[in-house]
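Architecture at a glance
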Amino acid sequence: MRDRRMQMLVGKKEEPITPIINSIDLLFTEKGVSTIMVMGGSGEYFEVADTVIKMHEYLPACVTEEAKRIAEEFPSHRTREGEPKLGMFAPRVPLPSSFRKSFQGKEKLSVKHKQLLYFGTSELQLAGVEQIAEEDQSRCILQAIMFLRNYIDGNTDLLQLINVHFSPFSFSFLS
(Lines give C-alpha, C1' and ligand atoms only; values in the text may rest on other atoms or scores of the structure.)
Protein backbone atom coordinates (compact mmCIF):
# COMPACT_ATOMS: atom_id res chain seq x y z
CA MET A 1 0.00 0.00 0.00
CA ARG A 2 1.22 3.48 -0.81
CA ASP A 3 1.06 5.72 2.23
CA ARG A 4 1.19 9.51 1.96
CA ARG A 5 5.00 9.60 2.14
CA MET A 6 5.36 7.12 -0.74
CA GLN A 7 2.79 9.06 -2.74
CA MET A 8 4.94 12.16 -2.32
CA LEU A 9 8.11 10.36 -3.36
CA VAL A 10 6.70 8.34 -6.28
CA GLY A 11 3.96 10.14 -8.21
CA LYS A 12 0.89 8.31 -9.50
CA LYS A 13 2.10 8.65 -13.09
CA GLU A 14 5.23 6.69 -12.13
CA GLU A 15 3.28 3.95 -10.31
CA PRO A 16 1.45 1.45 -12.55
CA ILE A 17 -0.22 -0.46 -9.71
CA THR A 18 -3.36 0.83 -8.02
CA PRO A 19 -3.46 -0.23 -4.36
CA ILE A 20 -6.52 -2.26 -3.37
CA ILE A 21 -7.45 0.35 -0.75
CA ASN A 22 -8.58 2.52 -3.66
CA SER A 23 -10.83 -0.20 -5.05
CA ILE A 24 -12.47 -1.81 -2.01
CA ASP A 25 -15.56 0.41 -2.05
CA LEU A 26 -15.82 0.23 -5.86
CA LEU A 27 -15.63 -3.56 -5.82
CA PHE A 28 -18.68 -3.58 -3.56
CA THR A 29 -20.75 -0.79 -5.12
CA GLU A 30 -20.06 -1.68 -8.78
CA LYS A 31 -19.53 -5.45 -8.73
CA GLY A 32 -21.21 -6.61 -5.50
CA VAL A 33 -17.92 -8.11 -4.31
CA SER A 34 -17.12 -7.92 -0.60
CA THR A 35 -13.52 -7.83 0.56
CA ILE A 36 -12.23 -9.53 3.68
CA MET A 37 -8.69 -8.62 4.67
CA VAL A 38 -6.54 -10.08 7.40
CA MET A 39 -3.67 -7.80 8.22
CA GLY A 40 -1.72 -6.12 10.92
CA GLY A 41 0.55 -3.15 11.12
CA SER A 42 -1.54 -0.60 9.24
CA GLY A 43 -4.61 1.41 10.16
CA GLU A 44 -4.89 2.87 6.65
CA TYR A 45 -7.91 0.67 5.99
CA PHE A 46 -9.95 2.00 8.93
CA GLU A 47 -11.67 4.59 6.73
CA VAL A 48 -12.93 2.05 4.19
CA ALA A 49 -13.69 -0.82 6.58
CA ASP A 50 -17.29 -1.69 7.41
CA THR A 51 -16.20 -3.92 10.26
CA VAL A 52 -12.89 -4.10 12.14
CA ILE A 53 -12.16 -7.20 14.21
CA LYS A 54 -9.22 -7.25 16.61
CA MET A 55 -7.72 -10.46 17.90
CA HIS A 56 -6.99 -10.25 21.61
CA GLU A 57 -5.43 -13.30 23.27
CA TYR A 58 -6.65 -15.40 20.32
CA LEU A 59 -10.24 -14.21 20.67
CA PRO A 60 -11.97 -11.94 18.13
CA ALA A 61 -13.48 -8.66 19.28
CA CYS A 62 -15.40 -6.13 17.20
CA VAL A 63 -13.59 -2.78 17.48
CA THR A 64 -15.21 -0.97 14.56
CA GLU A 65 -16.35 2.06 16.56
CA GLU A 66 -12.91 2.52 18.10
CA ALA A 67 -11.21 2.13 14.70
CA LYS A 68 -13.55 4.72 13.14
CA ARG A 69 -12.86 7.12 16.04
CA ILE A 70 -9.10 6.68 15.57
CA ALA A 71 -9.44 7.22 11.82
CA GLU A 72 -11.34 10.44 12.47
CA GLU A 73 -8.85 11.66 15.08
CA PHE A 74 -5.78 10.74 13.02
CA PRO A 75 -6.64 11.06 9.30
CA SER A 76 -4.30 9.21 6.96
CA HIS A 77 -3.83 12.13 4.54
CA ARG A 78 -3.49 9.63 1.71
CA THR A 79 -4.47 10.83 -1.70
CA ARG A 80 -6.96 8.54 -3.36
CA GLU A 81 -5.38 7.04 -6.47
CA GLY A 82 -6.83 5.07 -9.32
CA GLU A 83 -9.83 5.57 -11.50
CA PRO A 84 -13.19 6.75 -10.15
CA LYS A 85 -14.76 3.53 -11.54
CA LEU A 86 -13.44 0.01 -11.91
CA GLY A 87 -14.55 -0.52 -15.47
CA MET A 88 -14.90 -3.92 -17.05
CA PHE A 89 -12.92 -6.95 -16.01
CA ALA A 90 -11.08 -8.69 -18.83
CA PRO A 91 -12.99 -11.80 -19.89
CA ARG A 92 -11.23 -15.15 -19.58
CA VAL A 93 -11.21 -16.66 -23.07
CA PRO A 94 -9.73 -20.16 -23.25
CA LEU A 95 -7.92 -20.98 -26.47
CA PRO A 96 -8.34 -24.27 -28.36
CA SER A 97 -4.57 -24.43 -28.91
CA SER A 98 -4.00 -24.72 -25.15
CA PHE A 99 -5.81 -28.05 -25.19
CA ARG A 100 -3.97 -29.32 -28.26
CA LYS A 101 -0.64 -28.54 -26.56
CA SER A 102 -1.78 -30.20 -23.34
CA PHE A 103 -2.60 -33.49 -25.00
CA GLN A 104 0.00 -33.89 -27.75
CA GLY A 105 -1.58 -37.23 -28.65
CA LYS A 106 -2.10 -38.33 -25.03
CA GLU A 107 -5.73 -38.45 -23.88
CA LYS A 108 -4.67 -39.28 -20.34
CA LEU A 109 -6.88 -37.95 -17.54
CA SER A 110 -6.16 -38.56 -13.88
CA VAL A 111 -6.67 -37.22 -10.41
CA LYS A 112 -3.61 -37.82 -8.22
CA HIS A 113 -5.38 -36.48 -5.14
CA LYS A 114 -8.01 -33.83 -4.49
CA GLN A 115 -5.54 -31.01 -5.20
CA LEU A 116 -3.75 -32.36 -8.28
CA LEU A 117 -5.23 -33.18 -11.70
CA TYR A 118 -3.53 -34.31 -14.89
CA PHE A 119 -4.94 -33.90 -18.36
CA GLY A 120 -2.60 -34.97 -21.10
CA THR A 121 0.82 -33.48 -20.38
CA SER A 122 -0.58 -30.65 -18.22
CA GLU A 123 -0.83 -30.53 -14.47
CA LEU A 124 -3.58 -28.56 -12.75
CA GLN A 125 -2.94 -27.75 -9.11
CA LEU A 126 -5.98 -26.97 -6.96
CA ALA A 127 -4.21 -26.43 -3.63
CA GLY A 128 -5.50 -22.84 -3.51
CA VAL A 129 -9.13 -23.98 -3.76
CA GLU A 130 -9.84 -24.82 -0.13
CA GLN A 131 -13.51 -25.62 -0.83
CA ILE A 132 -12.53 -28.92 -2.46
CA ALA A 133 -13.04 -31.51 0.24
CA GLU A 134 -13.00 -34.78 -1.72
CA GLU A 135 -11.29 -36.32 -4.72
CA ASP A 136 -14.67 -36.77 -6.43
CA GLN A 137 -15.04 -32.97 -6.62
CA SER A 138 -11.70 -32.81 -8.45
CA ARG A 139 -12.85 -35.54 -10.84
CA CYS A 140 -15.97 -33.48 -11.54
CA ILE A 141 -13.84 -30.43 -12.33
CA LEU A 142 -11.68 -32.49 -14.67
CA GLN A 143 -14.75 -33.90 -16.45
CA ALA A 144 -16.24 -30.40 -16.78
CA ILE A 145 -13.02 -29.13 -18.37
CA MET A 146 -12.99 -32.04 -20.80
CA PHE A 147 -16.65 -31.48 -21.67
CA LEU A 148 -16.15 -27.75 -22.25
CA ARG A 149 -13.09 -28.20 -24.46
CA ASN A 150 -15.45 -29.35 -27.23
CA TYR A 151 -17.01 -25.87 -27.28
CA ILE A 152 -13.90 -23.71 -26.88
CA ASP A 153 -13.52 -21.53 -29.96
CA GLY A 154 -11.04 -18.87 -28.80
CA ASN A 155 -13.74 -16.17 -28.87
CA THR A 156 -16.22 -17.15 -26.17
CA ASP A 157 -15.34 -16.31 -22.59
CA LEU A 158 -15.44 -18.94 -19.87
CA LEU A 159 -18.50 -17.55 -18.10
CA GLN A 160 -20.51 -17.66 -21.34
CA LEU A 161 -19.38 -21.23 -22.01
CA ILE A 162 -20.49 -22.30 -18.54
CA ASN A 163 -23.83 -20.49 -18.76
CA VAL A 164 -24.65 -21.91 -22.19
CA HIS A 165 -23.49 -25.50 -21.71
CA PHE A 166 -24.20 -26.12 -18.03
CA SER A 167 -27.54 -25.85 -16.36
CA PRO A 168 -28.52 -27.33 -13.01
CA PHE A 169 -29.86 -30.36 -14.87
CA SER A 170 -27.21 -30.86 -17.58
CA PHE A 171 -24.55 -32.86 -15.81
CA SER A 172 -25.17 -36.16 -17.62
CA PHE A 173 -21.64 -35.95 -19.04
CA LEU A 174 -20.30 -36.79 -15.57
CA SER A 175 -21.65 -40.33 -15.53
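The structure presented is a predicted model; accordingly, all values stated were derived computationally and were not measured. (Residues numbered from 1 in each chain as written. Predicted model: local features only at pLDDT ≥ 70, side-chain atom pairs only at ≥ 80, totals over all residues. Heavy atoms only, no water.)

Thoughts on the overall build of the protein
- Along the protein, the regular secondary structure elements total six helices and five strands.
- The N-to-C order of helical and strand elements in the protein reads α-α-β-β-α-α-β-β-β-α-α.
- Looking at the 175 residues of the protein, the share that counts as buried comes to 23%.
- The long-range fraction of contacts in the protein, counting pairs at least 24 apart against all pairs at least 6 apart in sequence, stands at 49%.
- For the protein, the exposed surface amounts to about 13,100 Å²; the carbon and sulfur share of it is 56%. (Helix = DSSP H or I, 4+ residues; strand = E, 2+ residues; numbered from the N terminus. Buried < 20%, exposed > 50% of the residue type's maximum accessible area, 1.4 Å probe, protein only. Contact = heavy atoms within 4.5 Å. Areas by Shrake-Rupley, 256 points an atom, 1.4 Å probe, with all protein chains shown as cover.)

As for the confidence of the model for the protein
- When the pLDDT values of the protein are averaged, the result is 81; 89% of them are 70 or greater.
- The element-level mean pLDDT for the protein is lowest in helix H4 (residues 96-103), coming to 71, with helix H3 (residues 64-73) highest at 92. (pLDDT = per-residue confidence, 0-100.)

A word on the sheet that holds strand S5 (residues 122-125)
- Ordered by their spatial adjacency, three strands build an open sheet running S3-S4-S5, and the pairing between neighbours is antiparallel. Here the strands that pair on one side only, and so sit at the sheet edges, are strand S3 (109-113) and S5. Averaged over neighbouring strand pairs, the angle between their axes works out to 20 degrees when direction is ignored.
- Relative to S5, strand S4 (residues 116-119) is paired through four bridges, and the arrangement is antiparallel. In the sheet register, leucine 116 faces S5, and the bridge partner there is glutamine 125.
- Its contacts with the sheet put helix H5 (residues 135-148) on S3, S4 and S5, and the angle it makes with S3 is roughly 155 degrees. (Pairing = 2+ DSSP bridges. Axes fitted to C-alpha atoms, helices over the stretch in contact; angles between N-to-C directions.)

Thoughts on the layout of surface pockets
- In this model, the largest pocket occupies a volume close to 910 Å³.
- Residue lining of the largest pocket: 29 residues in total, with Met37, Ala49, Thr51, Val52 and Ile53 positioned closest to the centre.
- Ranked by the residues each element gives to the lining of the largest pocket, the list is headed by helix H2 (residues 24-31), at four residues.
- Here the lining of the largest pocket is composed, by residue class, of 17 nonpolar, eight polar and four charged.
- Its boundaries defined by the atoms lining it, the second largest pocket holds a volume of some 360 Å³.
- As for the second largest pocket, its lining consists of 17 residues, and the residues nearest its centre are Ile141, Ala144, Ile145, Leu148 and Leu158.
- Looking at the lining of the second largest pocket, the elements with two or more residues in it are H4, H5 and helix H6 (158-165).
- Here the element with the most residues in the lining of the second largest pocket is H5; it accounts for five residues.
- Of the residues assigned to the lining of the second largest pocket, the class counts are 16 nonpolar, one polar and no charged. (1 Å grid on protein atoms, 1.4 Å probe; cavity = no way out; pocket = protein on both sides within 12 Å on 5 of 7 lines; lining within 4 Å. Points joined across faces, edges and corners; volume = space filled by probe spheres on them. Nonpolar A, V, L, I, M, F, W, Y, C, P; charged D, E, K, R; others polar.)

Concerning the pairing of strand S2 (residues 59-62)
- Both strand S1 (residues 53-56) and S2 contribute to a ladder of four bridges, which runs antiparallel. The residue of S2 that forms the bridge with histidine 56 is leucine 59.

Overview of unusual backbone geometry
- One non-glycine residue, glutamate 57, lies in the positive phi region at around 50 degrees.
- Tracing the sequence through the fold places glutamate 57 in the loop between S1 and S2.
- Its relative accessible area of 65% is what places glutamate 57 among the exposed residues.

Structural notes on the environment of valine 48
- Structurally, valine 48 is set in the loop between H2 and S1.
- A sequence separation of 27 residues divides valine 48 from isoleucine 21, and the C-alpha atoms of the two residues are 7.6 Å apart.
- Contact partners of valine 48, with chain neighbours within four places excluded, come to Ile21, Ile24 and Lys68.

As for the nonpolar core
- Ranked by internal contacts, the top residues of the largest apolar core, which has 13 residues, are Leu117, Phe119 and Leu142.
- Those elements that provide at least two residues to this core are S4 and H5.
- At four residues, H5 tops the list of elements feeding residues into this core.
- Not counting residues up to four positions away in its chain, the partners in contact with leucine 142 are Leu109, Ser110, Val111, Leu117, Tyr118 and Phe119. (Core = buried A, V, L, I, M, F, W, Y, C linked by side-chain atoms within 4.5 Å.)

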